[in-house]
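The residues making up each chain are set out below.
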Amino acid sequence: MAVNTDQAVLNLDSASLGYGAFTVLANASMSVQKAQVVAMMGGSASGKTTLLRSAPGQSRAQKGTVTIFGQNLAKLDGDALRPTRQRSGVLV
């Protein structure tokens with residue numbers, strides 16, 4: 001099935017995610033469409049929570065981009081990030 005990343009609610013494009021200088025996930029790419037349900041499974045310390053924390057902007061991509069509702073999270077902070085977070089929910 002072809003995925004239209006222009007219509008994605010959440011899009012990771014070659015995103016490297018981690019904490020400080022430590023990279024947990026390198027070059028992660030995925031798109032989540034409106035009304036799509038996504039389940040992630042993996043072993044302990046495989047990067048599930050790190051990826052989920054990037055969705056509402058709790059952590060920033062070290063490289064690449066994370067966009068939610070068409071907005072690049074790297075360009076949002078404080079008051080600009082609040083409305084975006086209110087539109088999303090993450091269940092851990």
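Look above for the structure.
Residues numbered from 1 in each chain as written. Predicted model: local features only at pLDDT ≥ 70, side-chain atom pairs only at ≥ 80, totals over all residues. Heavy atoms only, no water.

Core analysis: the largest hydrophobic core is formed by 14 residues, its most contacted members being Leu10, Leu12, Ala15, Leu17, Leu51, Val66 and Leu73. The element best represented in this core is strand β1 (residues 8-19), accounting for four residues. Residues in contact with Leu17, not counting those within four places in the same chain, are Leu12, Thr23, Val24, Leu25, Thr50, Leu51, Ser54, Ala61, Gln62 and Val66. (Core = buried A, V, L, I, M, F, W, Y, C linked by side-chain atoms within 4.5 Å. Buried < 20%, exposed > 50% of the residue type's maximum accessible area, 1.4 Å probe, protein only. Helix = DSSP H or I, 4+ residues; strand = E, 2+ residues; numbered from the N terminus. Contact = heavy atoms within 4.5 Å.)

Turning next to the sheet that holds strand β3 (residues 63-68). The strand order across the open sheet formed by four strands is β2-β1-β3-β4, and the pairing between neighbours is antiparallel. The outermost strands of the open sheet, each flanked by one partner alone, are β2 (22-33) and β4 (71-72). Pairing of β3 with β4, which is carried by two bridges, proceeds in the antiparallel orientation. Its bridge partner being in β4, Ile68 is matched across the sheet by Gln71. (Pairing = 2+ DSSP bridges.)

For the structure shown, the criterion picks out one salt bridge. Between Asp79 and Arg82 there is a salt bridge, with its nearest N and O atoms 2.7 Å apart. Residue Asp79 is classed as exposed on the basis of its relative accessible area, which comes to 61%. What makes Arg82 partly exposed here is its relative accessible area of 46%. (Salt bridge = Lys/Arg side-chain N within 4 Å of Asp/Glu carboxyl O.)

We now examine the side chain of Asn72. Positionally, Asn72 belongs in strand β4. A polar contact is formed between the side chain of Asn72 and the backbone nitrogen of Ala74, at a distance of 2.9 Å. Each residue touching Asn72, except ones within four places of it in the same chain, is listed here: Thr65, Val66 and Thr67. (Polar contact = N/O pair within 3.5 Å; in protein donor to acceptor, adjacent residues only side chain to side chain.)

Further remarks concern the pairing of β1. Note: β1 against β2, eight bridges, orientation antiparallel. Across the sheet, the residue bridging to Leu10 is Val32, located in β2. Linking β1 back to β2 in an antiparallel pair, the connection comprises two residues, with Gly20 at a positive phi of about 60 degrees. Direction of pairing for β1 relative to β3: antiparallel, over a ladder of five bridges. Its bridge partner lying in β3, Leu10 is registered against Ile68.

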